[in-house]
Amino acid sequence: MASLNLAEGLTEAGLSFTRLPHPAPTPVAARDAILAAPGFGTAFSDHMVCIEYSEAEGWHGATLGARGPIALDPAAAVLHYAQEIFEGMKAYTHPDGSIALFRPEANAARFNASARRLAMPEMPETLFVEAVKQLVTADRDWLPPVEGGSLYLRPFMIATEAFLGVRPAKAYKFLVIASPAGNYFKSGAPAVSIWVSAYSRAAPGGTGAAKCGGNYAASLMPQAEAIARGHDQVVFLDAAEHRWIEELGGMNLYFVFADGTLTTPPLSGTILPGITRDSLLTLAREEGLTVREERYAIDQWQADAASGKLVETFACGTAAVVTAVGRVCGTGPGASDEFTIGSGGPGQITTRLKARLVAIQRGQAADTHGWVTRVT
Ligand code: PLP
Ligand code: COI
């Protein structure tokens, strides 16, 4: 570990960052063109953070430098046994021009929970947050000035040890990259359509609650099937009974009933504990709504939508924020039954909760929960 003092750049986490600014950053005109219509995940900022880990040295060699390819030995464990975890978070511009993160310590805690499940080293939460802040500060000009725009941050860790035996690696690399983001769904439609997959995402005892690349690899074929059938996202049911609704490929779900109550699937170990999901639990209760964390069956969802007992459904996550689900298709294995939820567009409670959450994230409403962390 570095032994610099704070004046020389030592972070709270006890590690100093070497800063190597990009020698030839993206020209302003090209950057502005990207920021005018950022989409999701296709363009990247100029810098990245890289921190190494070895058994002997622990976390070391923290660098903020130019974004670029990384060299990996072809035997690196991540390439063979998928020892990889990641996070997804956003930086927002506030009305006073400052830039802030939303609950970054929750991402740091979930990152460490994922690390434990994948037998990877944990990282001090302060170091995780500092790494993200370093990148946001360097690339502060990459926040899109468009409605709903943000800088999406992707911290991740890979096993770099060159070794083909099947055991946890002894060397890792942690990186943070950033991508200007607008709407996650290409269509930009007010509500999305989802396909009920006959495949499973996660089983009890598996890695469903960890944010590891392998979960997403397994969801790509079901997601591609959803797209091929004309839907935006896939919804997974539980692996044991194929009846209980779990989550979408990259979002949690909430169900809203005509009596003003809400339900969201419980953290059973097979779904990702979403930070947006958790924030909305608090905000909905503050709005005087009753929210249950309870199993909800696919056949009940269809029956309740038909009877009018269920009036809204929305997906939530960092990338998708809060997005109404308008249409559901494929309610049995390989089936193509279809039902519409409410009017097929965003309902009142979906709209209200989204507005509350977004106002806090963007500094337009008081941060009464200490969720907002200023960066610059
Ligand atoms: N579920 C899955 C599978 C996800 O990939 C995500 C996105 O990160 C979420 C849920 C929502 O989590 P969060 O609200 O922390 O972004
Ligand atoms: C996120 O919302 O941050 C996600 O990770 C979802 C998806 C882009 C993988």
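Look up: the structure comes first, before these words.
### Notes on the pattern of salt bridges
Next, step 1: On inspection of all chains with the given rule, the structure shows 14 salt bridges.
Next, step 2: Of the charged contacts in the structure, one is a salt bridge between Glu287 and Arg352, with a shortest N-O distance of 2.6 Å. Highlighted residues: Glu287 in the loop between helix 6 (275–286) and strand 14 (290–293) and Arg352 in helix 8 (residues 348–361), separated in sequence by 65 residues.
Next, step 3: Note on Glu287: relative accessible area 24%, which makes it partly exposed.
Next, step 4: Looking at Arg352, the relative accessible area reads 37%, which means it is partly exposed.
Next, step 5: Among the charged side chains, a salt-bridge network with shared partners connects Glu286, Glu287, Arg352 and Arg356.

### Structural notes on the packing of helix 6 against helix 8
Next, step 1: At a closest axis distance of 10 Å, the pairing of helix 6 and helix 8 adopts a crossing angle of 115°. In terms of orientation, helix 6 lies roughly perpendicular with respect to helix 8. At the point where helix 6 passes helix 8, the crossing takes the right-handed sense. For the pair formed by helix 6 and helix 8, the contact residues are Thr276, Ser279, Leu280, Leu283, Ala284 and Glu286 on the first element and Leu353, Arg356, Leu357 and Ile360 on the second.

### Some remarks on the site of ligand 1
Next, step 1: Close contacts around ligand 1 come from 17 residues, with Arg110, Tyr216, Glu247, Thr276 and Thr318 the closest.
Next, step 2: Residue Glu247 places a side-chain N or O atom 2.6 Å away from a nitrogen atom belonging to ligand 1.
Next, step 3: For ligand 1, an oxygen atom lies 2.6 Å from a polar atom in the side chain of Thr318.
Next, step 4: Look at ligand 1: alone it shows 380 Å² of surface, and the protein chains cover 96% of it.
Next, step 5: Put simply, ligand 1 lies in the largest pocket.

Basis of the calculations
- Residues numbered from 1 in each chain as written.
- Chains lettered and ligands numbered in written order.
- Predicted model: local features only at pLDDT ≥ 70, side-chain atom pairs only at ≥ 80, totals over all residues.
- Heavy atoms only, no water.
- Salt bridge = Lys/Arg side-chain N within 4 Å of Asp/Glu carboxyl O.
- Helix = DSSP H or I, 4+ residues; strand = E, 2+ residues; numbered from the N terminus.
- Buried < 20%, exposed > 50% of the residue type's maximum accessible area, 1.4 Å probe, protein only.
- Axes fitted to C-alpha atoms, helices over the stretch in contact; angles between N-to-C directions.
- Parallel < 35°, antiparallel > 145°, perpendicular 65-115°, else oblique.
- Left-handed = near helix turned anticlockwise from the far one by under 90°.
- Contact = heavy atoms within 4.5 Å.
- Near = heavy atom within 4 Å.
- Polar contact = N/O pair within 3.5 Å; in protein donor to acceptor, adjacent residues only side chain to side chain.
- Areas by Shrake-Rupley, 256 points an atom, 1.4 Å probe, with all protein chains shown as cover.
- 1 Å grid on protein atoms, 1.4 Å probe; cavity = no way out; pocket = protein on both sides within 12 Å on 5 of 7 lines; lining within 4 Å.
- Sits in = over half its atoms within 2 Å of the grid points.

Fair warning: the whole summary comes from geometry, so function is off the table for now.
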